[in-house]
Each structure stands twice: as structure tokens, then as C-alpha cells.
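Per-entry structural report
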Amino acid sequence: MKAAGRRAFLRMLGAGAGLTGLALAGCATPEILPKSGRRVVVVGGGFGGAIAAKYLRLFDPTLEVILIERNRRYVACPFSNQVITGLRDFEGLTLGYDALASRYGVRLLFDEVTAIDPATTTVVTRSGRVRYDRLVLAPGIDFRTELIDGYDPRTTPELMPHAWQAGPQTLLLKRQLEAMPDGGRVLISVPAAPYRCPPGPYERACLIAAWLRRHKPRAKVIVLDANPDITAMGALFREAWKTRHAGMIEYLPATRVSGVDTAAGAFVVEGVESVRGDVLNLIPPQRAGAIAARADLVEEGGHWCPVDPRSFESTRHPGVHVIGDAAIAGAMPKSGYAANAQAKVCALNVLALMNGKPPHELDGINVCYAAIGEDEDISIAQVFRVADGRIVAAPVPGGASPANLSRGRLEHRYAESWLRNILAEMSG
Amino acid sequence: MYAVSCRIFLRLFLAVVSLVAALPAPAAGIVPGVVCDGCHGTGGHSAGTTIPSLAGQDRDYFVIAMQAFRSGERPSTVMGPLARGLTDTDIRGMAAYYARQTPLAQTAPVDPALVKAGMKVFYDRCKTCHLDGSLWKLIHQNRGYERECSGRCHLDYGPERGKVVPLIGGQWREYLEMELAAFRDGSRGMSKRKARAFEHLDDADLAAVAAFFASRTELQR
Ligand SMILES: Cc1cc2nc3c(=O)[nH]c(=O)nc-3n(C[C@H](O)[C@H](O)[C@H](O)COP(=O)(O)OP(=O)(O)OC[C@H]3O[C@@H](n4cnc5c(N)ncnc54)[C@H](O)[C@@H]3O)c2cc1C
């Protein structure tokens, strides 16, 4: 994979799978996959959707489950920061959907969902309409690039990659780092929370700093954070920056990138100051995947989907459940593990609702690892419950790694298995 | 992507069937159990060599382990905070969920010579306590051993004693080695009896006995 170019990568992803049919509007579109029995349609085959589809079938093998996903291959974001610095390639992070079909009996439709009509319980794809009894939507994120002056959604990411949806963007950032002169400056902009993977940008800073120390020791990482402070595992990252990456990382809190100056190769901060860089990793502010807004599932004046905290049923449109990054899940972070856990509880409660049974309680778990160097990791582990209609973290002290990072090597070994298991859950 | 051989496929299939079979029963532990599987693998069949499989684990041992994580008596990284965040009911539910799953042997090849050496260590130092159902059967198939039977096992950990015996056969070798190392360096506490056994074991013995347990494919409890 390392050697494979962007074109090969796209081919591998099977992009264009859904581009054959013409996009037709609502009712004019033919119905495909006519419905005979009880059916749940899942849209989006990532950490949330693939698991929802699999567990719906595991929990009720008589149910028809259709998974609609635009790409034939899924490239996982977790640990993709390691791809940027050559510690790993995409082979182990790329999954297919064969097992979901052959082993679990999920019906696959590789297509783009263009509309959802809750009133007629219909999903519209490029190739036709699909009816459902219940819908589970896990579309991940899209970017609010309109908040960044001068950002062209087509051309800017080619110059200032976000690398926040793993794939060609990740490889572009890698190439830019490699091409950068020693003594260069790598800028990483962190969007205002909530965004996908709170510790991700700080992990990226660690990994890039470790790589620079080896290959371009006079270069530097500058983190421009729109948030008032590090959004996750702050004390641990600070300790890592002090003890592992001294002099390599400069952290600027409350520093929002509000525009880009592509000609000068610079970020514009709060509309005034201009910060020049040699590599510009611009992670834009985020919203629920575009289809959520199109389906009117996003909260008034907000950017994410409000849901019931047990069933993850939309509070805006009954019969539609939203999980993963797109959902407002209280204290649960926008992580792959959280999406995985939500998918399972959602699947059980979708079935409970269909069968007129009482709902299962949410016992949410999140376990996330973040690399602080080539062979050291830190972690956070939390349990979540519903209290007063909201998902809250169980009040347990000490959910993160010890402050002195003494377990970094050990956690690195666990992290690798974490990755294997969570990916194996999706593909096997 | 992880290549999956036919054999593993078949085993996974059977495991899945068992997960499904487990479901119509009262859903005790389904929610807390399945949400652990993100790390421990679907149905508790871990694909990662440093995280243990939990499928088929003894229900009582599971609870003992979680309580030890919760109190900090057993050192951990993420397990301590998780055990503290979970209720006793959650933990009992998880124990029931994992006890229902069919255990599968780990899939990494193990060096037969090491396994042979490990079997000797097992007979010399481990067998009076670590007798899950299949190991009990193994030692009774061993004629030479039968002849010298002192009856000691029956006094302590024989099936008739109803003691809690963790299922460690078929577990990942790397995980077993990590836990053995933790016993050795004192970070994980152990009973006096286990400590006495450890006095006689060097690093090579530990590596061998880890390989022996990992090599077990018969995993009845
Ligand atoms: C750098 C980085 C590191 C990370 N590290 C970790 C980590 O260590 N641990 C962790 O737990 N999480 C991590 N995450 C977060 C994790 O990747 C996300 O939280 C997770 O992917 C969310 O899952 P999801 O199902 O909501 O969305 P996604 O995984 O993004 O899946 C959404 C799917 O929906 C499809 N889709 C969207 N719209 C449509 C449509 N209209 N029609 C058809 N298909 C559609 C997409 O193609 C995609 O496959 C990381 C993220 C990043 C960026």
C-alpha cells in the first residue's frame, strides 16, 4: 500500500460504485429491493453502521437487514496518524464487507444515499428507493468549511489536508511532511469541540514530533487550538510534550483558524493574525454527515442529531435511529469505540421497539488509546449510563493512564490488540 | 486485512451460532457483555494477542477477576476504571454472557518443543490448582502420571471440591506471558502457594508453560 499511488488507492476503495445511475428525485425513482418481511435499513458502514447491521442479524436472524454504504472498502481512522509517519500502512486499516454478507446475512447495497423520507419510511439512493420499518443512520462527519474564509472544499484540502477521514488525505499529509525542508513548520489546527476523536490532533502532534526529531530535527510542530485547552487527556499530553518531545511542539490554546491564505501558505487566526507554515494540516470544524441535515435530523441551530439516550431514536423523526459521530450522545466522545457500543445497544433497542418489548438500559463503554510516541500509548476508559435523560459518565476517578506515563510501553501493546479486535468486529 | 483460514472461519461460525443461541434466554448481561467485545472480540473471542479471550470463562472466576481489578489488587490499565464504573449487576451479567460463549483456542502457531517443556512445568508445578475440565482429563489420560497419583489434586482442586478454576487453556501466549511476568516481578500479587511454585520457575519455564497452556485445543471447563 505504501507504494500505491492515489489512483490505485481510489480504485481499491471502489469509489464510483454508486455513480452509475443518475440521481433521480424522490417519487420518480423506482423501488429497489422490494420489501417482504420485517426490515431494518442501516446507512453508513463505519464503526457504528457496520456493527449495527451485524448485531441486528446476530440478535434476530429472522430480520432482513440492508446496509447501504457508498464505498466498497472502508478505511479506518484509528491509528491512521501512524500512517502519516510511516509506522503503519493502510493495509491493516482497510476493511471489506464480505463477512457481513456471508457470515451474518446482511444484504449489502453499495450506493450513495441522497435522501431519507421518514414520513414514507423510504431511503432514496442513486439507484432507487428502499423501504424500511426502522432506519439506523451512521453517516459519520462532514466539514463546516464555510466557517473558514477562503476555503474551497475542492481545492483547499489538496493544499492543506485535513487527514480526518482516513485515506488519500492521510497519504497526502505524509508526502508533504516528507517533502518539507528541515527547519520547517508543521501547523495543526484543532477545531472547536465537539469534533471526531478529541485526542486525535494531540496524538498527531506527538507522532509528527517524534518523526521530525529523527528526520528533520530542526523542524517544529505548532498546534493552533480553537478550544481554551487540550480537549482530552490534557495533563497526559502535556507531560508527553514536556518529557518526550521537548522543544518540538508549541501549543497555542484559544487560537481559532478562521481563514486560509493559500498563496502565502498560511492560516488566518481570528480574522487578523497570519501564521505561515510549511505543512498545513487544517482540521475544519465538523457537523453530522451531510445526509443527516438533508433528512432533517439535525437539531435546530445545531450541527448534530438529537436522540433518545437508550434507543438512539431521533427525537425529530420517529423510526430513524442515529448513532456514532453524528449523534448527540451526551458525555460519550465521538470515537470509534463509542460508535461500536452505541450500535449494539441501539440494535437491541430497535428490536425491542419492533417487538413491543421494554428498552434495554444503556451501559456504554469507551476505551480509547492515543499514541504519545513510536512505542508508547496512553488510554482513557469510561463507563456511561443514562441519568435524567442524558448520557453521563459514571463518576469514577482515575479513568486515564497514570500521570507519569509509566505504563506507556505496556499500553502500546494493548493498543495494538484493541485495534485488531475492534476492526475484526467489523469485518469478521 | 486479516486472512481467515477455513478452519478459523468454521470456528467463528460455530461461535456465532453459539452467540445467537445464547440470546433468546433472558438477556442477562447482553448489554454489558457485548459492549466489552469491542476490545475482547465478538463473543469474547479476542483477535489481539495481548488481550485475553473471555469466551467460556468460568463465571465465578470472571467476577473474582473484576473485583480484583476494581479494588486495584490486580494491577491494570483500563480494567480498573472500567470495573469501578460498572455495577455488581453489570459484572454478574457479563460473567453469565461470557460463560455462555463457546471457548475457541488461540490461532497462533506454538513451538512443539516449547509446549513439551511446558507440559513438564505444568505437571511439576501447576497441575494441582490449574485443573480446568480438559486438563483434568489430560492428566488422567497420562498413564505414567496416574501410577504416581498422590490424590493431592482431589484434596484441593478436584472437581469434587467445587473450587473456582480459571480457564486459561487456549489463551493467547503473549497475554499469558505478560501475566506471568507480572506475577514474577511482583506487580500482580499471588497466593502463598502460587509464590512457592514460582520459586522453582525460571524465565524459560514461564515461557514454556505459557506455550503449553496456549497450545491447548480442548477447552471444556
Ligand atoms: C486521526 C483519527 C484517529 C482516530 N483514532 C481513534 C481511536 O484511536 N479510537 C477510536 O475509538 N476512535 C478514533 N477515531 C474516531 C473514529 O474514527 C470515529 O469516531 C468513527 O469512525 C465514527 O464512526 P461512525 O460510524 O459514526 O462514522 P464513520 O466511521 O465515518 O462511518 C460513516 C460511513 O458512512 C458512509 N456514508 C456517509 N454518508 C453516506 C451516504 N449519504 N450514503 C452512503 N454512505 C454514506 C461513509 O462512507 C462511511 O463509511 C479517530 C479519528 C481520526 C480522524
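The model shown is predicted, which means the values in this text are computed figures rather than measured ones.

One frequently used descriptor of interface size is the decrease in accessible area upon assembly of the parts. Between chain A and chain B, the residue contacts involve 48 residues of the former and 42 residues of the latter. Both faces considered, chain A and chain B share a buried interface measuring about 3,800 Å² in area, 65% of it formed by carbon and sulfur atoms. On the surface where chain A and chain B come into contact, there are two salt bridges. For Asp90(B), the salt bridge is made with Arg385(A), and the minimal N-O distance between the two is 3.0 Å. Applying the counting criterion to the chain A and chain B interface returns 17 residue pairs in polar contact (both at pLDDT 80 or more). In terms of residue count, helix 11 (residues 408-427) of chain A provides more of the side of chain A that touches chain B than any other element does, 12 residues in total. Per-class residue counts for the side of chain A that touches chain B are 24 nonpolar, 11 polar and 13 charged.

Moving on, we come to the pattern of salt bridges. Residues and elements named next belong to chain A. Per the stated rule, a full pass over the model turns up 33 salt bridges over all chains. With its nearest N and O atoms 2.8 Å apart, the salt bridge here joins Arg134 to Glu313. One end of the pair, Arg134, is in strand 9 (residues 134-137); the other, Glu313, is in the loop between strand 19 (305-306) and strand 20 (320-322), with 179 residues separating them in the sequence. Residues Lys344 and Glu425 are paired through a salt bridge, measuring 2.6 Å at the closest nitrogen-oxygen approach. With Lys344 in helix 10 (residues 336-354) and Glu425 in helix 11, this pair connects stretches of sequence that are 81 residues apart.

Membership of the largest hydrophobic core comes to 149 residues, with the highest contact counts inside it found for Val221(A), Phe237(A) and Val367(A). With 11 residues, helix 10 of chain A is the single largest residue contributor to this core. In this view, Phe237(A) contacts Pro199(A), Tyr202(A), Glu203(A), Cys206(A), Ile230(A), Ala232(A), Ala370(A), Ala371(A), Ile372(A) and Ile378(A); residues no more than four positions away in its chain are not counted. If you look at the next biggest cluster of nonpolar residues, it comprises 27 residues, including Ile168(B), Phe198(B), Ala211(B) and Phe213(B).

Now for the sheet that holds strand 14 (residues 257-261) of chain A. Residues and elements named next belong to chain A. Sheet architecture is open: three strands sit in the order 14-15-16, paired in antiparallel fashion. For this open sheet the edge positions go to strand 14 and strand 16 (273-276), each flanked by a neighbour on one side alone. Ignoring which end each strand starts from, the neighbouring axes of this sheet average 30° apart. Relative to strand 16, strand 15 (residues 266-269) is paired through four bridges, and the arrangement is antiparallel. Directly across from Val268, in strand 16, lies its bridge partner Ser274.

Residue and element names in this part refer to chain A. Cis peptide bonds are those with omega within 30 degrees of zero, and the linkage from Ala193 to Pro194 qualifies with 0°. Along the chain, Pro194 turns up in the loop between strand 11 (185-190) and helix 7 (200-215). If you check the backbone angles, Thr121 has positive phi at about 40° while not being a glycine. Along the polypeptide, Thr121 turns up in the loop between strand 6 (113-117) and strand 7 (122-125). Thr121 gets classed as partly exposed once you look at its relative accessible area, which sits at 22%.

Residues and elements named next belong to chain A. Taken domain by domain, chain A consists of domain 1 (30-142 + 288-359) and domain 2 (147-284). Domain 1 and domain 2 are separated by 30 Å when their C-alpha centres are compared. Each side of the interface is counted separately: domain 1 has 19 residues, and domain 2 has 20 residues. Taking both partners together, domain 1 and domain 2 bury about 1,600 Å²; carbon and sulfur atoms supply 66% of that area. It is Asn81, Ile84 and Thr85 that lose the most area in domain 1 upon contact with domain 2, and together they represent 38% of the buried surface on that side. Of the charged contacts in the structure, one is a salt bridge between Arg196 and Asp325, with a shortest N-O distance of 2.6 Å. At the surface where domain 1 touches domain 2, the tally comes to six residue pairs in polar contact (both at pLDDT 80 or more). For the side of domain 1 that touches domain 2, the secondary structure elements donating two or more residues are helix 3 (81-84) and strand 10 (141-143).

Criteria and cut-off values
Residues numbered from 1 in each chain as written. Chains lettered and ligands numbered in written order. Predicted model: local features only at pLDDT ≥ 70, side-chain atom pairs only at ≥ 80, totals over all residues. Heavy atoms only, no water. Contact = heavy atoms within 4.5 Å. Buried area = accessible area lost by both parts, 1.4 Å probe. Salt bridge = Lys/Arg side-chain N within 4 Å of Asp/Glu carboxyl O. Polar contact = N/O pair within 3.5 Å; in protein donor to acceptor, adjacent residues only side chain to side chain. Helix = DSSP H or I, 4+ residues; strand = E, 2+ residues; numbered from the N terminus. Nonpolar A, V, L, I, M, F, W, Y, C, P; charged D, E, K, R; others polar. Core = buried A, V, L, I, M, F, W, Y, C linked by side-chain atoms within 4.5 Å. Buried < 20%, exposed > 50% of the residue type's maximum accessible area, 1.4 Å probe, protein only. Pairing = 2+ DSSP bridges. Axes fitted to C-alpha atoms, helices over the stretch in contact; angles between N-to-C directions. Domains from an automatic or database assignment.

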